[in-house]
Every structure is written in structure tokens, then in C-alpha cells.
Amino acid sequence: MQNYLIKNISIVNEGRIISADVFIKNKRIEQVGSQIQPRVRVIEIDGQGKHLLPGLIDDQVHFREPGLTHKATIYTESRAAVSGGTTSFMEMPNTRPPAFTQSLLEEKYQIASNSSLANYSFYMGTSNDNTEEVLLTNAKKKDVCGVKIFMGSSTGNLLVDNHLTLDRLFSECELLIATHCEDERIIARNLARIKSEHRTLSVADHPLIRDAQACFESSLTAIQFAKKYGSRLHILHLSSQRELQLFSNLLPIEEKRITSEVCVHHLHFSSEDYSALGNRIKCNPAIKSAGDRDSLWKALLDDRLDVIATDHAPHTLEEKGFERNEQGAIVPLPVSRQAESNGSYESAHAGLPLVQHSLLLMLRHVKEGRISLEKLVEKTSHAVARCFQIADRGFVREGYYADLVIVDLSGQTGVSRDQLLYKCGWSPLEGGPNAGTH
């Protein structure tokens, strides 16, 4: 087992940046201090001019295994995650078949134990009729990150819209409940209204169909259930200004019973980017206006929003309505092929691959002055560890696992096809108005 000594590096940890050495022994941080001289053989790393961060912990990814492995596998996506600085992930249940039983949930843990390059946990899936199976997860609180409830039909048959089912889940579940909040009735009503205009729908309609009202009403419902029973609720991927009134910064995260997440794409893109990127940035909940994006930033910085994640959700280019031309550029499918695949807005799959570039993307915002490096580390590592009560990870502390990332803020990293590790083989950060270098 290799031991390491990182010399003279700027450590970003718990609201401070200090220059020190870090000695790593047997996969853990043995010592943090100046002029460390280990008594064992080490691999020495010169950290001069660089920063050391705790590895990112992503509380929401879709790695697609089992059943959807033409898009991704736990191995390919964990490799992409680690290459980009994410050392731990929590994966969602909407695989094929969905993780609706304890045996299917255990199967995912077995796959990860054999193939994952990062630390992992998996959410138990819920439907309108598997409550008994979900509640068996109460006995696995130390091993399972939470129970996932889709309160909007983002995917497959995971929609839970039966209020009797929701009432029992919130009253009896002892784990963290993570929710995707969009009101299905409002979405259907919006879609019907826009279709009545007798025009071809486009991705620009996506934030009009899955609008702020749909998000707000569903989030409000989840919060009402959680407050009724004192449940531990974590609402995922906040996307609109309106929802932010539901959250508070009056308590430290350890004392909150209701916490929230914002994703990198909702902080980075806005509805103005649909014209250039089209279905490549179609996701649920929808990327909304620049005003919504600015409000999310404000709430993140004042701690109404607790953690940053990716909602990494890879699909093939064809499933998004695109292909690569002979020069390797991403272009729309020919009209003749759109009818037989997913070229239209309505048939294009929702979700985008991000986990390899989430840290790089956020470091771009650090360099632009939108967020401090200390705050970024808090929201991507410290707060996630606290939110999910993860032991010995998420901080640069003696005795903790050495889940660490070294970054050079003076460097630049472009996003190009030849360095992508996602199995789907593309990124929304290739080209376009908001790609550039990070």
C-alpha cells in the first residue's frame, strides 16, 4: 500500500486556506502540518502553487446500471467522476428494473463493490405500491443513503402521486427522504394549453411546461408531509426563484430537518442557452430563466440552498436527437432520422452528463468571482457529509479517508471529445455559448 507526502500545498478546508504538508498513510490522512518528515517510505508530491480540496460528494447521479448500460455503467461513470474530483456518489433507483425491492437494491451494491472506482451508496426506489418493501430499508439506515420519491413523472413508473402512499412513507420511513418535486397535474395542464396553440413544440417550451409553479406546488406538498411527521426531507435540484421562499438559513445544516440541493447546470445555464444547445440541456426540472439562475446563486451563498450536486444523467446523442458529423462536431440528426429516433423535443430524453466536469465548471465560477473557493468546498463536500451523516469523509482532517483533489487554479482545461470518459461520449460543455475553458 502506497503512502504519500504532499508538500507545501494550500489546503482549502472548513472555511480557511492554509499552507501545510499532508501525510497520507494506509488510505487515511495521518498528519497535517509543516515540515512533516515521515518515518516510512513515501511518494512525495510537490504542491507548491496548487490547492488541496476534499473530494466532492455528489448526492445525485444516474449511473444506469443495471439495464441501461448502453448509456453508462457504474464503472465508466465512477471513472469519469474520480477523474473530475468527485470521490463519492449516491446513485438513483431509476435503472431497469428500478430498485423497488431489497434484492434489486442489494444487486446494485454488489455491482459497485466489483466495479466502482469511487465510494458509493444507493437510494431505495419508491412507487405507489411498494411501501412495505421500502420500509424494510429502515433496518439498513447505516448503509443506504436514503429513499427516493419521484413526485413528478420524470422517468418510468417511479411516479408516486398517491397521497395515502406518501402519507405512510413520510410517517414511517426512518431514512432521509430525497424528492424530485414537480406537480404532474400542472405539467399536464401546461402541456395541453401549449399544444392547443397548434404549433410544433420546441425545447424552448420546456420551462413553460415544467414551470416554476409545478416545482413550487410539489415542493410545498413534500414540505407539508415532512413537517406533519418530522421527517428528514431533502429536496433535490431546486430550479426556480419561487421555490426558494420555502427554505431557511436560520439553522446550521446539522440541525435542519428539511434541506435542499442545487445542481451545477441550473447554476450555469439559463433558458437563453436553448437556442444554441437545444435538447442537449433538456432536463427535469427544466433549466429556467436567467433571473431564476441568479436567485439560485443568491440562495446558495446565503445558505438557503445547502449542497451542490450534478444530477448526472447520461443519454446517447441519438436519444437527445443529435449525432457527430465527419469532423466530430455535434449536429442535429437529419430530419429523415428524427422520426425514427428522438429528434423532436417531446421524444428527446431528459438529462445531461456532468459528473466529470462539475468541479471544473464550479472552479470557473470561482475564478470569475461568483463564489469563493472556501464556499465551494463547503457546498460540495462539507455540507454533503453533514447532510447525509457520512463518517470520515468530506473534510481534510487527520484520521479521515484521503479522498482528496489537487487543483491548479492557474491552469485551464477545455472540454473536448477526446478527453471525455462518459460512456455516452458527449458533453453539453462542448462548444456553445457557455462552454469555453475551466
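Residues numbered from 1 in each chain as written. Predicted model: local features only at pLDDT ≥ 70, side-chain atom pairs only at ≥ 80, totals over all residues. Heavy atoms only, no water.

**Student:** Just checking my understanding: could you explain helix α13 (residues 358–367) for this structure?
**Tutor:** Helical geometry note: an α-helix holds 3.6 residues per turn, so side chains three or four residues apart project in the same direction. Counting buried positions over the 10 residues of α13 gives 8, a clear majority of the element. Considered for burial, the residues of α13 that qualify are S358, L359, L361, M362, L363, R364, H365 and V366. G369, located one to two residues past α13, shows a positive phi value of around 85 degrees. (Buried < 20%, exposed > 50% of the residue type's maximum accessible area, 1.4 Å probe, protein only. Helix = DSSP H or I, 4+ residues; strand = E, 2+ residues; numbered from the N terminus.)

**Student:** Any chance you could explain the pattern of salt bridges here in plain terms?
**Tutor:** Close approach of charged atoms allows side chains of opposite charge to pair. Overall, the coordinates contain 25 salt bridges when judged by the stated rule. Among the salt bridges present, the one from R199 reaches D205, with a minimum N-O distance of 2.8 Å. Judged by relative accessible area, which is 4%, D205 ranks as buried. We note a salt bridge from D294 to R370, for which the minimum N-O separation is 2.9 Å. Of this pair, D294 sits in helix α10 (residues 290–301) while R370 is found in the loop between α13 and α14 (373–387), placing the two residues 76 residues apart along the sequence. Here the salt bridges share partners, and the residues they tie into one network are D303, K375, E378 and K379. (Salt bridge = Lys/Arg side-chain N within 4 Å of Asp/Glu carboxyl O.)

**Student:** I'm lost on a nonpolar patch on the surface in this one. Help?
**Tutor:** A cluster of nonpolar side chains, namely Y75, V82 and L117, defines an oily patch on the protein surface of about 260 Å² accessible area. Within the element layout of this structure, Y75 appears in helix α1 (residues 74–83). Take Y75: its relative accessible area is 37%, and that puts it in the partly exposed class. (Patch = residues over 30% accessible without salt bridge, like charges linked within 9 Å, V, L, I, M, F, W, Y side chains within 5 Å. Areas by Shrake-Rupley, 256 points an atom, 1.4 Å probe, with all protein chains shown as cover.)

**Student:** Teacher, can you tell me more about the packing of aromatic side chains here?
**Tutor:** Remark: the centre distance and the inter-plane angle together describe each pair of aromatic rings, the angle taken between the planes. Throughout the structure, instances matching the rule amount to 8 aromatic pairs. Taking 6.5 Å as the distance between ring centres and 35 degrees as the angle between the ring planes, the aromatic pair formed by F89 and Y120 counts as tilted. You can see F89 sitting in strand β7 (residues 86–91) and its partner Y120 sitting in strand β8 (residues 119–125), a full 31 residues away along the chain. Ring geometry for F395 and Y400: centres 6.1 Å apart, planes at 85 degrees, overall edge-to-face. Residues F395 and Y400 agree in their burial class; the two are buried. Among the aromatic side chains, those forming a connected cluster through ring pairs are F63, F89, Y109, Y120 and F122. Over the ring of Y345 we find K282; its NZ or CZ atom is 4.5 Å from the centre of that ring. Note that R393 overlies the ring of Y401, its terminal NZ or CZ placed 3.9 Å from the centroid. (Phe/Tyr/Trp six-rings, centres within 6.5 Å; stacked < 30°, edge-to-face > 60°. Lys NZ or Arg CZ within 6 Å of the ring centre and 35° of its normal.)

**Student:** Just checking my understanding: could you explain helix α2 (residues 102–115) for this structure?
**Tutor:** Counted at 1.5 Å a residue, the expected span for α2 with its 14 residues is 20 Å, and the 20 Å between its end C-alpha atoms agrees. For α2, the full list of buried residues reads Q102, L105, K108, Y109, I111, A112 and S115. (Expected span 1.5 Å × (residues − 1).)

**Student:** I keep staring at the pairing of strand β1 (residues 4–13) and nothing clicks. Help me out?
**Tutor:** Consecutive side chains of a regular strand alternate in pointing toward one face of the sheet and then the other. Counting buried positions over the 10 residues of β1 gives 7, a clear majority of the element. Direction of pairing for β1 relative to strand β4 (residues 43–46): parallel, over a ladder of 4 bridges. Residue L5 lies in a different strand from β4, and its bridge partner there is E44. In this structure, β1 lies alongside strand β2 (residues 16–25), joined through 8 bridges in antiparallel fashion. The residue of β2 that forms the bridge with V12 is I17. Here β1 folds back onto β2, and the loop between the two strands holds 2 residues, one of which, E14, carries a positive phi near 50 degrees. The pairing of β1 with strand β5 (residues 51–54) spans 2 bridges and is classified as parallel. (Pairing = 2+ DSSP bridges.)

**Student:** Looking at this structure, how should I read the pairing of strand β6 (residues 56–61)?
**Tutor:** Taking burial as the measure, the 6 residues of β6 include 6 buried ones, the bulk of the element. Pairing of β6 with β7, which is carried by 4 bridges, proceeds in the parallel orientation. In the sheet register, L56 faces β7, and the bridge partner there is T86. A crossover links β6 with its parallel partner β7, the connecting element being α1, and its sense is right-handed. (Right-handed = clockwise from strand over helix to strand, strands pointing away.)

These figures come from the coordinates and say nothing about function on their own.
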